[in-house]
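Listed below, chain by chain, are the residues.
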Amino acid sequence: MKIEVLGCHGGQLPGRNNTALLLNNDTLIDAGTIALTLGIEKQRKIRNAFISHAHLDHTGALPFFAVNIVSNKTEGVKIYGAKSAVDAVKTHLMNNVIWPDFTKIKNFGGNPVFEYKPLPVNKWIKAGEYKIKLIPVNHTVPTTGMLIGHKNRYLLYSGDTKETSGIWKEAGKLGSKLKAVFVETAFPDSLAFLGEASGHLVPSTLKKQLDKLGPKQKPKIFVYHVKPEYVAQVKKELSRIRGRKIRVLDEGGVYTV
Ligand SMILES: [Zn+2]
Ligand SMILES: [Zn+2]
C-alpha cells in the first residue's frame, strides 16, 4: 500500500497541516488537508474518504475538495465513517449554511459529488477495493480508529485517541499481516495533563499502546498529529522509546507499507 502524507499535524502553521493521508492515490484517510497540498488532477482521482471523527482538523478540507471535483464524470466520492462522524459532517459542516450540501449537487457525469456511507463499527466491511473495520477509541467525541486491508496487507490508523484497548486487541489478531501502524501523539510528556483532558496520547502513553501489540508483530510505526509547536520535543522523547522503531511522518512524504 502506498501512503502519501497530505498533512500529518494536529494543527496548522506554515508547512504543517492538519491530518490527511492518501492511500493508493484513490482513498483519503481523514480529510484535514487536501487542496492545499495535492494538485487538482490527483484530487480528481480520489474515490473514497474514510473519516475517523467529526473534528474540523479531520474533516475541514472536504468543502474545498468538493468544489474541485465537480467536473468529475465519475461516480460520487464516497465518504465512509461511523454514523456519528458522517452525520456530523452532513448536519454541521456541509449543511447548506456553512457550505452547500454536495450530495445534492451533481458532478459533470450527473452523479452526486459526495455520497455519505455510514458504516457499522466493530465489523469488517468491504469499501471499494478495501476491507475496513472501524473500532471505537477514546477521544472527546465519538471517534473510530480503523484497520484497513488491501490484498492481505493491513494497516492500523488510530484516529484521535488517548489510551484505549479495543483497536490494539483487534490489531493483534492480524498477526504478521499487520504491516503498518499510524498512531497519533499530540503533546510532549510534560503536557500529559493536556493529553488526558483532550483525549490524546503523549510519548509515555504511546509506548503503553505499542506494548499491546503482539511481541512478534513488527509493523512499521508512524506517528502523526503532533501539535506543530511541540514537534522537536516530541521527536526527542519518542527517540528514547526502546524496542520499536518509531518514525514521525513528514509532510509530503510517501511511504510504502
Ligand atoms: Zn479530535
Ligand atoms: Zn485531531
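Now for a quick tour of the structure. (Residues numbered from 1 in each chain as written. Chains lettered and ligands numbered in written order. Predicted model: local features only at pLDDT ≥ 70, side-chain atom pairs only at ≥ 80, totals over all residues.)

All right, on to the overall build of the protein then. On a plain count of helices and strands, the protein comes out with eight helices and 14 strands. Relative to its length of 257 residues, the protein is compact, with a C-alpha radius of gyration of 17 Å against a globular reference of 18 Å. C-alpha extents for the protein along the principal axes are approximately 55 × 35 × 30 Å. Looking at the 257 residues of the protein, the share that counts as buried comes to 45%. Look at the contacts in the protein between residues 6 or more apart in sequence, and 61% of them connect residues 24 or more apart. (Helix = DSSP H or I, 4+ residues; strand = E, 2+ residues; numbered from the N terminus. Rg over C-alpha atoms; globule rule 2.2 N^0.38 Å. Buried ≥ 20, exposed ≤ 12 C-beta atoms within 10 Å, placed from the backbone. Contact = placed C-beta atoms within 7 Å.)

The next thing to look at is the pairing of strand E4 (residues 48-51). Both faces of E4 are covered, namely the face carrying Asn48 and Phe50 and the face carrying Ala49 and Ile51. Relative to E4, strand E3 (residues 27-29) is paired through three bridges, and the arrangement is parallel. Opposite Thr27, over in E4, you have Asn48 as the bridge partner. Two elements, E4 and strand E5 (residues 77-82), share four bridges in a ladder whose sense is parallel. Opposite Asn48, over in E5, you have Lys78 as the bridge partner. (Pairing = 2+ DSSP bridges.)

Take the nonpolar core next. Formed by 71 residues in total, the largest nonpolar core has its most connected members in Leu21, Leu28, Ala31, Leu156 and Phe182. Among the elements that make up this core, the one with the highest residue count is strand E11 (residues 178-184) (five residues). Setting aside anything within four residues of it in sequence, one finds Leu156 in contact with Gly145, Leu147, Ile167, Ala171, Leu178, Val181 and Phe182. (Core = buried A, V, L, I, M, F, W, Y, C linked by C-beta atoms within 7 Å.)

Strand pairing in a sheet takes place through backbone hydrogen bonds and is either antiparallel or parallel in direction. Ordered by their spatial adjacency, seven strands build an open sheet running E6-E5-E4-E3-E2-E1-E14, and the pairing between neighbours is mixed. Edge positions in the sheet fall to strand E6 (114-119) and strand E14 (254-256), since each of these pairs with one other strand and no more. Sheet twist, expressed as the mean angle between neighbouring strand axes with direction ignored, is 25°. Each of E4, E5 and E6 is contacted by helix H4 (residues 83-93), which is oriented at about 125° to E5, the strand it contacts most. (Axes fitted to C-alpha atoms, helices over the stretch in contact; angles between N-to-C directions.)

The next thing to look at is the environment of Asp211. Tracing the backbone through its elements, the reader meets Asp211 in the loop between helix H7 (203-210) and strand E12 (220-224). Exposure remark for Asp211: the 11 C-beta atoms within 10 Å place this residue in the exposed category. Linking Asp211 and Trp168, residues 43 residues apart in sequence, is a C-alpha distance of 9.3 Å.

Pairing within the open sheet is mixed, and its seven strands lie in the order E7-E8-E9-E10-E11-E12-E13. Two strands bound the open sheet, and with one partner strand each, they are strand E7 (124-127) and strand E13 (246-248). Across the sheet, the axes of successive neighbouring strands diverge by a mean angle of 25°, strand direction being ignored. Pairing between E12 and E13: three bridges, direction parallel. In the strand pairing of E13, Phe222 is matched with Arg247. Most of the contacts of helix H5 (residues 166-173) go to strand E8 (residues 130-136), to which it runs at about 145°, and overall it touches E8, strand E9 (144-150), strand E10 (153-157) and E11.

Right, let's get into H4. Residues of H4 that are buried: Ala85, Ala88 and Val89. Buried residues of H4, viewed axially, fall in a sector of 100°; they line one side. Taken together, the buried residues of H4 touch E4, helix H2 (56-59), helix H3 (62-68) and E5. (Arc of directions from axis to C-beta.)

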